[in-house]
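# Observations on the three-dimensional arrangement
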Amino acid sequence: MLIDRRTALAGVVGMFGATLFAPLARALANQPAPVINTGTATPVFTPAQRALVAALSERVLPTTDTPGAITAGVPDYIEHMLGDWAIDDDRALILGGLAAIDARSMADYRKPAAQATPAQQDALLTLAMNGGLSGPADFFEAFRQLVITGYYTSEVGIKQERHYLPVPGEYDGAYPYAKVKKIFSS
Amino acid sequence: MAATDRFDAIVIGSGVSGGWAAKELTEKGLRVLLVDRGRMVEHGEDYPYEGKSAFEIPARDRMPAAIAKSEYFALNGWVSPSTRPFFINDRLNPYDYDAPNKFNWVRPSVVGGKSLTWGRWSFRWGPNDFEANKLEGIGTDWPIRYDDVAPWYSYVEKYIGVSGGRENLPYLPDSEFMPPVPMNIAEQWLKGRLEGEFPGRKLINTRLSNITEDKPDQGRAKCQNRAQCHRGCSFGAYFSTQAVTLPAARATGRLTVRADAWATNIEYDPARKRVTGVRLADANTGKIEVIDARMVFLCASAMSSLHVLLNSRPADSERSYFHSNGALGSAVMDHIFRVNVSGEIPGMTDYVEYGRRPGGVYVPRFRNLEQEELPFKRGYGYQGGAGRQASTPEGFGASMKHGMREYGPWRFNMGAFGECLPYDDNRVMLNFCKTDRFGTPLLRFDVTFRDNEIKMMDDAQEQGMIMLRQAGLKNVNSYRGKHVPGEAIHEMGGARMGRDPGTSVLNEWNQAHDAPNLFVTDGAMMASVSCVNPSLTFMAMTARAADHAVKQMKAGVI
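Residues numbered from 1 in each chain as written. Chains lettered and ligands numbered in written order. Predicted model: local features only at pLDDT ≥ 70, side-chain atom pairs only at ≥ 80, totals over all residues. Heavy atoms only, no water.

The name an unreviewed UniProt entry assigns to chain B is GMC family oxidoreductase, from the organism Sphingomonas qomolangmaensis. Chain B has a UniProt comment under Cofactor (unreviewed entry) that states "FAD". Per its UniProt entry, chain B bears the Sequence similarities (unreviewed entry) comment "Belongs to the GMC oxidoreductase family." (UniProt positions renumbered as here; feature names shortened; annotations may be inferred.)

The name an unreviewed UniProt entry assigns to chain A is Gluconate 2-dehydrogenase subunit 3 family protein, from the organism Sphingomonas qomolangmaensis.

### Quick look at the overall build of chain B
A tally of helices and strands in chain B yields ten helices and 22 strands. For chain B, the C-alpha radius of gyration of 23 Å lies close to 24 Å, the compact-globule estimate for 558 residues. Principal-axis analysis of the C-alpha atoms places the extent of chain B at approximately 75 × 55 × 50 Å. Each of the 558 residues in chain B was classed as buried or not, and the buried ones make up 65%. In chain B, the proportion of contacts linking residues at least 24 apart, taken out of those at least 6 apart, comes to 71%. About 19,200 Å² of surface is accessible on chain B, with carbon and sulfur atoms providing 48% of the total. Separation between the mean location of the 68 positive side-chain charges and that of the 65 negative ones in chain B comes to 3 Å. (Helix = DSSP H or I, 4+ residues; strand = E, 2+ residues; numbered from the N terminus. Rg over C-alpha atoms; globule rule 2.2 N^0.38 Å. Buried < 20%, exposed > 50% of the residue type's maximum accessible area, 1.4 Å probe, protein only. Contact = heavy atoms within 4.5 Å. Areas by Shrake-Rupley, 256 points an atom, 1.4 Å probe, with all protein chains shown as cover. Lys, Arg positive; Asp, Glu negative; His and termini not counted. Charge placed at Lys NZ, Arg CZ, Asp CG, Glu CD.)

### Brief notes about the UniProt feature "domain: Glucose-methanol-choline oxidoreductase N-terminal" (unreviewed entry) in chain B
Here the UniProt feature "domain: Glucose-methanol-choline oxidoreductase N-terminal" (unreviewed entry) sits at residues 221–314 of chain B. Overall, residues 221–314 of chain B shows 21% helix and 35% strand. The separation of its end C-alpha atoms is 49 Å.

### Comments concerning unusual backbone geometry
Residues and elements named next belong to chain B. Of the consecutive residues Ala99 and Pro100, the connecting peptide bond is found in the cis state with omega at 5 degrees. Within the secondary structure layout, Pro100 lies in the loop between β3 (96–97) and α3 (127–136). Residues other than glycine seldom take positive phi values, yet Lys273 does so here, at roughly 50 degrees. Considering the arrangement of structural elements, one finds Lys273 in the loop between β8 (261–269) and β9 (274–282). At Asn368, a position not held by glycine, the phi torsion is positive, near 55 degrees. In this fold, Asn368 is placed in the loop between β14 (361–363) and β15 (380–390).

### Concerning the interface of chain A and chain B
At the interface, 70 residues of chain A touch 59 residues of chain B. Between chain A and chain B, a total of about 5,600 Å² is buried, with carbon and sulfur atoms accounting for 62% of that surface. Scanning the region where chain A abuts chain B turns up three salt bridges. With a closest N to O distance of 3.6 Å, Lys222 of chain B and Glu170 of chain A form a salt bridge. Linking chain A with chain B are 27 residue pairs in polar contact (both at pLDDT 80 or more). Take the side of chain A that touches chain B: its biggest share by element is seven residues, from helix α7 (residues 139–152) of chain A. Looking at the side of chain A that touches chain B residue by residue, the class counts come to 40 nonpolar, 15 polar and 15 charged. In the sheet, strand β2 (residues 172–176) of chain A pairs with strand β13 (residues 351–354) of chain B via three bridges, with the strands oriented antiparallel. What sits directly across from Tyr175 of chain A, in β13 of chain B, is Val352 of chain B. (Buried area = accessible area lost by both parts, 1.4 Å probe. Salt bridge = Lys/Arg side-chain N within 4 Å of Asp/Glu carboxyl O. Polar contact = N/O pair within 3.5 Å; in protein donor to acceptor, adjacent residues only side chain to side chain. Nonpolar A, V, L, I, M, F, W, Y, C, P; charged D, E, K, R; others polar. Pairing = 2+ DSSP bridges.)

### Brief notes about the pattern of salt bridges
Residues and elements named next belong to chain B. Scanning all chains against the criterion turns up 44 salt bridges over all chains. Note that Asp98 is salt-bridged to Arg444, the shortest N-O span being 2.3 Å. Taken together, the residues Asp98 in the loop between β3 and α3 and Arg444 in strand β18 (residues 441–446) connect sequence positions 346 residues apart. Taking the shortest distance from any N to any O, the salt bridge between Asp174 and Arg166 comes out at 4.0 Å.

### Quick word on helix α6 (residues 118–129) of chain A
Its twelve residues place the ends of α6 of chain A 16 Å apart at the C-alpha level, agreeing with the 16 Å of an ideal helix rising 1.5 Å per residue. Positive backbone phi, at 75 degrees, marks Gly131 of chain A, one or two positions downstream of α6 of chain A. (Expected span 1.5 Å × (residues − 1).)

### A word on the sheet that holds β18 of chain B
One open sheet accounts for three strands, arranged β3-β18-β17 (chain B); its pairing is mixed. Edge strands, defined here as strands with exactly one partner in the open sheet, are β3 and β17 (427–435) of chain B.

### A closer look at the UniProt feature "domain: Glucose-methanol-choline oxidoreductase C-terminal" (unreviewed entry) in chain B
Feature annotation in UniProt assigns "domain: Glucose-methanol-choline oxidoreductase C-terminal" (unreviewed entry) to the following positions: residues 422–541 of chain B. Its end C-alpha atoms 20 Å apart, residues 422–541 of chain B is made of 22% helix and 27% strand.

### A short note on the packing of helix α3 (residues 47–60) of chain A against α7 of chain A
Helix packing for two helices is described by the angle between their axes and how far apart those axes are. Residues and elements named next belong to chain A. Close contact between α3 and α7 brings their axes to 10 Å; oriented N to C, the two are set at 80 degrees. Classified by the interaxial angle, the pair formed by α3 and α7 is roughly perpendicular. Between α3 and α7, the residues in contact are Val53, Leu56, Ser57 and Val60 and Phe143, Arg144 and Val147, respectively. Its residues placed into classes, the contact of α3 with α7 shows five nonpolar, one polar and one charged. (Axes fitted to C-alpha atoms, helices over the stretch in contact; angles between N-to-C directions. Parallel < 35°, antiparallel > 145°, perpendicular 65-115°, else oblique.)

### Side note on the sheet that holds β14 of chain B
Strand pairing in a sheet is mediated by backbone hydrogen bonds. Such pairs are either parallel or antiparallel. Residues and elements named next belong to chain B. Here six strands make up an open sheet; going across it, the order is β6-β14-β15-β16-β12-β19 and the pairing antiparallel. The two strands at the open ends of the sheet, each matched to only one other strand, are β6 (204–205) and β19 (474–480). Of the strand pairs in this sheet, strand β12 (residues 339–345) and β19 are connected by five bridges, and their pairing is antiparallel. Looking across to β19, one finds that Val339 is bridged to Arg480. Taken strand by strand, helix α9 (residues 451–470) contacts β12, β15, β16 (407–418) and β19, and its axis lies near 170 degrees from that of β19.

### Remarks on helix α5 (residues 185–197) of chain B
Its 13 residues give α5 of chain B an end-to-end C-alpha distance of 19 Å, which sits within 8% of 18 Å, the value for a rise of 1.5 Å per residue. Those residues of α5 of chain B that fall on the buried side of the exposure criterion are Ile185, Ala186, Glu187, Leu190 and Leu194 of chain B.

### Some remarks on the state of the cysteines
All names here are of chain B. The final tally for this structure, using the stated rule, is zero disulfides over all chains. There is no disulfide at Cys531, and the cysteine sulfur nearest it, in Cys420, is 12 Å away. Judged by relative accessible area, which is 5%, Cys531 ranks as buried. (Disulfide = S-S within 2.5 Å.)

### Description of the environment of Arg313 of chain B
Residues and elements named next belong to chain B. You can see Arg313 is positioned in the loop between α7 (302–310) and β11 (332–333). A sequence separation of 46 residues divides Arg313 from Glu267, and the C-alpha atoms of the two residues are 8.5 Å apart. Beyond its immediate chain neighbours, meaning those up to four positions away, Arg313 contacts Glu318, Arg319, Ser320, Tyr321, Leu430, Phe432 and Pro441. A polar contact of 3.0 Å, which involves the side chain of Arg313, links it to the side chain of Asn311.

Have a look at this one:
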């Protein structure tokens, strides 16, 4: 766990009783410092939305011969990204897109998108991709990029889907792709 | 620390210059106190994200926008969660400028300073760089020439290890190179094409302070091709104070290190025109302490050094002891950049890169080396490289996932770095209306890029695209970001060397005209900036100045 400056400074109080250097205390008090939350994500989604994010993530990057988005923890990554690591505007785009997909699912299949069949979910995503939904136009690409980023920075993505090479040692700028048939990761 | 401790020298700052000063002075027999406002970082022990994968780093190593905006607003993308432990918090450590003339001041927060996080590109200056001001009647002439520094370049390069290829270019002299980081197959192709289409222009190996041969006497192993230098490297595969100069200085037994110690000003005896010591504020308690020494090496990084100098003044005055003329704070410069050109290199799709090199290739300056009628003076070079990224097929599902197991085409990208002229009215000063937590007036910047720099970047963008297209690349395009001084992190000047005490701050040995026992050997000393990365020059100049300082001390002059 990263100790941010504020935590480090707060630790100083303990070292010097309660008499932290006044300007430091004033600086700290100026405004609450944001932190990188790496614990439970700040809730962004309702339970229904969370289920839909999970279902759609798995359709974007499904389980094949390696695990898919759900096993890779992508839904949690997306909630962290929107709740703790991004700015409000990004949230509205995703929430708006999810609502549009759900509305279309109710219209076409008479059920929430999270309960639609995988084929139906794929059809909904295809509509979103092709601009066939009434929601935010950029939703599909933004959502897809969140899934891809979350997957390929996860342990599953780095160590199973890709070829994990943390300390290459040597360098070869003309290495036959046929030897690896995967993307190198670290 | 006992009151009976006595120091021959105090070195302020422990980046590339300060580390070298500490090493040279201790190795020559001096007792040295090295102070740094940053916290201690021990080599190999305090690199918390070394070797970690994204999923082991907070926020997957993407800096959350809210934190960047609130705490690291001057760092403009340079800091990420994995390097954050090494950078200063801008909110807690403010500086000043007048909008709209923004200055992005990128500052470290650790012993070792920017030597831990630097880009490691390492170039010598050429003879023309030292002569340009005089030749063109711009700024003030350097009081030294290439030949004065050349032996010190060699001395430093042999010690730290610089990788690169011999090119015999008169305007970009070769270092004492270790074998170069190799070009990949696509870059080799591009080299042939570009040099064939544009005789006189070159595509050469990168020049880096990443070693390609082990240095067992220093406990350093060659680069392992991880591309994680910015997080610290326990192999010691790149030059940092932690890996190289600090161990050397400590080995002498004559070094004392004080971390978390802000040098607010230098103590001065105006009657004797001598520096007498340094005033320190403890970063955690604010406790003030004055420590005496026979000499001071000021190496706090250019703008921080200027801050110390400007704040070294009589209690009832706003004018620095070292501001007997108007030179202190004048002619602040940075490199101008944020021009990138890129394109796809055709073919060679059976090959990929095994390993992640620390650097790629370089296109040395080709403008204004001969008589040339161009709308700008001086020149620029490009740093670049080719690589292949995973394919990004459209759509979603299993076919997209498996499509992302293929590599896309070789894509080459290069970014220009250009020289900024020394304008006297690009300056820093103290803002007495605002103070930091130690009671020091804030440093205020008034620095802009001018017509010459903008025209240079226009040319770099145009020529870059022409070169890549004519060399046979496809889908060539360019990106132009906003040019904000400070962002290249090569800020320099403000305490320039010069022959004339009326128009400069330091002499040909980096000694202050107003105090022969004060040496400034970081970027503040620069009378111009060339277009190449300056750190190797800082190290060479520091070693040269330290040699002179010790000779003067032994001669009884200091």
